[in-house]
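Examining the three-dimensional arrangement
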Amino acid sequence: MIADLTRAERLWAMLILGALGLIGLAMAIGGRNDLLGIHGWIVLAAGLAGFIAVMRGRDAPEPSAERLNEYYDAPTRVGLILTLLWAVVGMGVGFWVAALLAWPDMTFDVPWLSFGRLRPVHTSGVIFGFGGNALIATSFHVLQRTTRARLPDQISPWFVLLGYNLFCVIAASGYLMGLTQSKEYAEPEWYADIWLVVVWVVYFAIYMRTLARRKEPHIYVANWYYMAFILVVAILHIVNNLAVPISLDSAKSYSLFSGVQDAMTQWWYGHNAVAFFLTAGFLGMMYYYLPKRAGRPIFSYRMSIISFWGITFMYMWAGSHHLHYTALPHWVQTLGMAFSVVLLVPSWASAGNALLTLNGAWHKVRDDAVLRFMALAAIFYGITTFEGSFMAIRAVNSLSHYTDWTIGHVHAGALGWVAMITFGSLYSIVPSMFKRERIYSQKLVEVHFWLALSGTVIYVFAMWNSGVTQGLMWRTYTESGGLTYSFIDSLVAMHPYYIARAFGGLLFLLGALTALYNVVMTIRMPAPASDDPALDIPAKPALQAGE
Amino acid sequence: MAGLIERDKVSGQTTTGHEWNGIKELNTPVPRLLWAFLITATIFSVTWTVLMPSWPGINGYFRGLLGVDQRVAVTQSVEEAAVERESWTSRIDSEDFAAIQADDALMAIVRETGAALFGDNCAACHGTNARGTPGFPNLVAAPTMWGDDPETVAETIRVGINGTSPETRYAQMLAFGRDHMLERADIDAVVSYVETLSRPELAAGMDADTLAYGAEVFAANCAGCHGEDARGMTDTGAPNLTDQYWTYGGDRASIRQSVYHGRAGTMPSWEGRLSPTHIKLLTLYVLDLRAHEQ
């Protein structure tokens, strides 16, 4: 890792890590009477550990110029492992909080074991930890292959990957200590948010710099989506997290927005986080790994264009459907609903484009669990986007809002779409990334597939049932005009579904553990006698002439 | 690199000629079905925005042709529901408790409506079956501490116990041990004595002198609130100690805890949170549960 860096880059790395350590020290000293101080120590430890590691390797010989003839995949390799580790953490905590809902006494009166603190560890762990690392790792891989250009340098990809994971650690540890902005999916406090902006700008710069050096005349669709993901997430993150810290030595801040404006900003953010983090980014992943694995051309370039612009344009308006029947003015709700309905068309066009790409390769879907993961992801993407547009209709929302139906919907997307496309993509590149002939056990991939599918189906059906039951119980009136059920009656009715949901989640978690084991064993397999990298290299400088 | 435009054997379509690391794209026209779908969805959505309040302007927004407004709609439906319920709520408001309790039809409504009302407001402490949870009394079977005539129960709900209302009922069991009002030996004796009040059979296993002393301590320190016969007093809200119902537990350790550290349970003052109709309804509901128990 450090031997890959040029001597100049090693110096830069030490400078950056040293500065990071100093910032950590300042936070630790300034915030010594505040929880900020604990985060200061974590930042200091991260900076110091990195600094020492680079310093110890600084005298290694300059990397050979040959490296420029290869893609730079080391960050992707580390990113793939981090993806799996976060999957286990995020899904493990998810299983735990699911069990907490069924058996609420399991907090044992320990503050950090309470639902309110653990739940964001689950959501951030899977969305940012698992999803984010998967996006960063695969985007570096896809970006290089589809531009036939190597990443611009060897330090910024590490800065993005490791800096991003530092953000994830700060976020998760903060939740356990009780630090939160109380904005769903944007819980981390101001200093973590600022750090993420820095990381994200560098991420976008890597993308632009590599694209600018591309050896292909056209920019592939996958890159449109990855860029939309990076650019829009930056905008969302900055705007929704605008806040004033109560002082520089305190973790606490106050949002710039209040009241219904705050709610609208939050759900403009929240819905577009789903759109651009959990949809656009993973569509980028799908657009590369699915046709690659299937060995089929994309069904329709024209449909890709309609889908991309439809998705990027429509999603931006849809956030207000999270606030139907609230203090948000009626006209904003109408617009949110109207755009959400049309949004179904480009969403289904994307899912359809993926599935139609498989025409001529369905026998592979039958035989290859890796491709089946991706095919199923496309199907779940179609199901979830239909459900989403349906739930955005105001009258439907009056039943579904505040119920477990929403949770079921999110998990149909998160488990069925996001996680399945990730696992499919991950399995398809792990062997080549680690220079192994094949995955350690195809059988375990098959086991994982069925664990993931059955877990998702159990989870989603449990939540559909419980959500609709809840919604109906809350709106059932007696003949005399009073409510038939109290809220606690509906909770009692939920109990069996909550147990089923925890079980479904457990199956999904077991699948993730299977994946981790399979990947670790793949890495531990002996390398093949001679690898033939000739097929997987960037365009040679010699090829540039005449382009 | 601009590659060759090829014809795909499976679909019969040509490729675009672009290729990225082996990935090609077909130039398949957008299916008609998709256009139809897009146009239908767009027509629906545009129509919807014409009918409903939608597009913003500088000074306000387009109200929509149907003139729908969620504020008006919700106010209207709340009013309509109130009018619908008035046939019986007006009787709850105007008639006295005895008259309502004598009317089976009205009491059927009280039971039905009261169950949800109790579940949403009272069950968190008193339990879904109203039989109490540790720290909160059984409302169905145990004697009431402040009196069980309807007016008194309604008043207890209205003002609460140790609540925020200025008229709240006030009751506190003193911390006889922690505040050094009784010696350890006094406490042990009085705890033994109190134990025998509800379980006389325990007396056989206890020292008679201790019990006699315990009775003295009780008379001097406890009888003021709990009564000389220890059967509780509704004036003070102190519970009956001779029955089988215990708010904080009737085992020796719990009784000792109560005597040593004292108790000051809270019931919220429900006035302002619940309407007078609801308070009356809950009173009737709880008394009805009690009546059925006996």
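Small disclaimer: the values here were computed from a predicted structure and weren't measured.

Helices and strands together make up the secondary structure of chain B, namely 11 helices and 2 strands. What you see in chain B, going N to C, is helices and strands ordered as β-β-α-α-α-α-α-α-α-α-α-α-α. For 294 residues, the compact-globule formula gives about 19 Å, and the C-alpha radius of gyration of chain B, at 35 Å, lies well above that figure. Expressed along its principal axes, the backbone C-alpha trace of chain B runs to roughly 110 × 60 × 40 Å. Out of the 294 residues in chain B, the part that is buried amounts to 40%. Positive and negative side-chain charges of chain B, numbering 22 and 38 respectively, have mean locations separated by a distance of 11 Å.

Counting residues in each nonpolar core, the largest one holds 144 residues, and the members touching the most others are Phe 229, Phe 277, Trp 417 and Phe 423 of chain A. No other element matches helix H8 (residues 259-294) of chain A, which puts 17 residues into this core. Counting only domains with at least three residues in this core, you end up with domain 1 (1-60) and domain 2 (73-526) of chain A. Apart from the residues lying within four places of it in its own chain, the contact partners of Phe 277 of chain A are Ile 127, Phe 128, Gly 131, Gly 132, Leu 135, Tyr 164, Trp 200, Phe 229, Val 233, Asn 272 and Phe 282 of chain A. By size, the runner-up hydrophobic cluster in this structure holds 30 residues, among which are Met 107, Ile 157, Leu 284 and Tyr 285 of chain B.

What follows deals with the interface of chain B and chain A. At the junction of the two partners, chain B supplies 48 residues and chain A supplies 58 residues. Roughly 4500 Å² is buried in total at the junction of chain B and chain A, and carbon and sulfur atoms are behind 67% of that figure. Where chain B meets chain A, there are 1 salt bridge. Taken together, the links from chain B to chain A amount to 23 residue pairs in polar contact (both at pLDDT 80 or more). Of all the secondary-structure elements, those providing two or more residues to the side of chain B that touches chain A are strand S1 (15-20), strand S2 (23-26), helix H1 (32-51), helix H2 (70-94) and helix H4 (104-121) of chain B.

All names here are of chain B. Each assigned domain of chain B is listed with its residue range as follows: domain 1 (71-168 + 267-293) and domain 2 (184-261). Roughly 780 Å² is buried in total at the junction of domain 1 and domain 2, and carbon and sulfur atoms are behind 65% of that figure. It is Gly 135, Met 145 and Trp 146 in domain 1 that bury the most area against domain 2; as a group they hold 59% of the surface buried on that side. Our enumeration of links across domain 1 and domain 2 arrives at 0 salt bridges. Summed over the shared surface of domain 1 and domain 2, the result is 1 residue pair in polar contact (both at pLDDT 80 or more). Looking at the side of domain 1 that touches domain 2 residue by residue, the classes come out as 8 nonpolar, 5 polar and no charged.

Let's shift gears to the domain arrangement of chain A. All names here are of chain A. In terms of domain boundaries, chain A breaks down into domain 1 (1-60) and domain 2 (73-526). Here domain 1 and domain 2 have C-alpha centroids that lie 30 Å from each other. Across the contact, 20 residues belong to domain 1 and 20 residues belong to domain 2. Counting across the interface, domain 1 meets domain 2 through 0 salt bridges. At the junction of domain 1 with domain 2, the criterion picks out 6 residue pairs in polar contact (both at pLDDT 80 or more). Broken down by secondary-structure element, the contributors of at least two residues to the side of domain 1 that touches domain 2 are helix H1 (7-30) and helix H2 (35-56). Grouping the constituent residues of the side of domain 1 that touches domain 2 by class yields 13 nonpolar, 4 polar and 3 charged.

Moving on, we get to unusual backbone geometry. Residues and elements named next belong to chain A. Backbone geometry at Phe 108 places phi at a positive 55 degrees, although glycine is not the residue there. When you line up the elements, Phe 108 lands in the loop between helix H3 (74-102) and helix H4 (115-147). Residue Phe 108 is classed as exposed on the basis of its relative accessible area, which comes to 53%. One non-glycine residue, Asp 109, adopts positive backbone phi at about 60 degrees. Note that Asp 109 resides in the loop between H3 and H4.

Following the criterion strictly, the structure yields 42 aromatic pairs over all chains and no others. With a centroid separation of 5.9 Å and 35 degrees between ring planes, the pair formed by Trp 348 of chain A and Phe 386 of chain A is classed as tilted. Of the two residues, Trp 348 of chain A is situated in helix H10 (residues 330-357) and Phe 386 of chain A in helix H12 (residues 369-392); the sequence distance between them amounts to 38 residues. We classify Phe 386 of chain A as partly exposed; its relative accessible area is 40%. Judged by centre distance (4.7 Å) and plane angle (35 degrees), the rings of Tyr 381 of chain A and Trp 417 of chain A are tilted. Of the two residues, Tyr 381 of chain A sits in helix H12 while Trp 417 of chain A sits in helix H14 (residues 404-433), which places them 36 residues apart along the sequence. In textbook terms, an aromatic cluster arises when at least three aromatic residues are bridged by ring pairs, as seen for Phe 128, Phe 140, Tyr 164, Phe 167, Trp 200, Tyr 203, Tyr 207, Tyr 226, Phe 229 and Phe 277 of chain A. Against the face of Phe 449 of chain A rests Arg 372 of chain A, its NZ or CZ located 4.8 Å from the ring centre. Lying across the ring of Tyr 61 of chain B, Arg 63 of chain B places its NZ or CZ 4.2 Å from the centre.

Moving residue by residue along a regular strand, the side chains alternate between the two faces of the sheet. Of all 6 residues making up S1 of chain B, 5 are buried, and the element is well covered by its neighbours. Hairpin geometry of S1 of chain B and S2 of chain B is characterised by an intervening segment of 2 residues between the two adjacent antiparallel strands and by a positive phi of about 50 degrees at Asn 21 of chain B.

Residues and elements named next belong to chain A. Where H2 contacts helix H5 (residues 156-177), the two axes come as close as 11 Å, and the packing angle between them is 150 degrees. When the interaxial angle is binned, H2 and H5 end up roughly antiparallel. Crossing hand, H2 versus H5: right-handed. Residue-level contacts link Leu 35, Ile 38, His 39, Ile 42, Val 43 and Ala 46 of H2 to Leu 166, Val 169, Ile 170, Ser 173, Gly 174 and Met 177 of H5.

This part is about the state of the cysteines. Residues and elements named next belong to chain B. One pass over the structure, following the stated rule, counts 0 disulfides over all chains. A disulfide-free cysteine, Cys 225 has its sulfur positioned 8.8 Å from the sulfur of Cys 222, the nearest such atom. In this structure Cys 225 comes out as partly exposed when scored by relative accessible area, which is 37%.

Here we take up a nonpolar patch on the surface. Residues Phe 313 and Trp 317 of chain A together with Val 46, Val 50, Trp 55, Phe 62 and Leu 65 of chain B make up a contiguous nonpolar surface patch of about 670 Å² in total accessible area. Counting residues per element, the ones that place at least two in the nonpolar patch are helix H9 (301-318) of chain A together with H1 of chain B. Counting through the fold element by element, Trp 317 of chain A comes out in helix H9. Judged by relative accessible area, which is 39%, Trp 317 of chain A ranks as partly exposed.

Rules used in this analysis
Residues numbered from 1 in each chain as written. Chains lettered and ligands numbered in written order. Predicted model: local features only at pLDDT ≥ 70, side-chain atom pairs only at ≥ 80, totals over all residues. Heavy atoms only, no water. Helix = DSSP H or I, 4+ residues; strand = E, 2+ residues; numbered from the N terminus. Rg over C-alpha atoms; globule rule 2.2 N^0.38 Å. Buried < 20%, exposed > 50% of the residue type's maximum accessible area, 1.4 Å probe, protein only. Lys, Arg positive; Asp, Glu negative; His and termini not counted. Charge placed at Lys NZ, Arg CZ, Asp CG, Glu CD. Core = buried A, V, L, I, M, F, W, Y, C linked by side-chain atoms within 4.5 Å. Domains from an automatic or database assignment. Contact = heavy atoms within 4.5 Å. Buried area = accessible area lost by both parts, 1.4 Å probe. Salt bridge = Lys/Arg side-chain N within 4 Å of Asp/Glu carboxyl O. Polar contact = N/O pair within 3.5 Å; in protein donor to acceptor, adjacent residues only side chain to side chain. Nonpolar A, V, L, I, M, F, W, Y, C, P; charged D, E, K, R; others polar. Phe/Tyr/Trp six-rings, centres within 6.5 Å; stacked < 30°, edge-to-face > 60°. Lys NZ or Arg CZ within 6 Å of the ring centre and 35° of its normal. Pairing = 2+ DSSP bridges. Axes fitted to C-alpha atoms, helices over the stretch in contact; angles between N-to-C directions. Parallel < 35°, antiparallel > 145°, perpendicular 65-115°, else oblique. Left-handed = near helix turned anticlockwise from the far one by under 90°. Disulfide = S-S within 2.5 Å. Patch = residues over 30% accessible without salt bridge, like charges linked within 9 Å, V, L, I, M, F, W, Y side chains within 5 Å. Areas by Shrake-Rupley, 256 points an atom, 1.4 Å probe, with all protein chains shown as cover.

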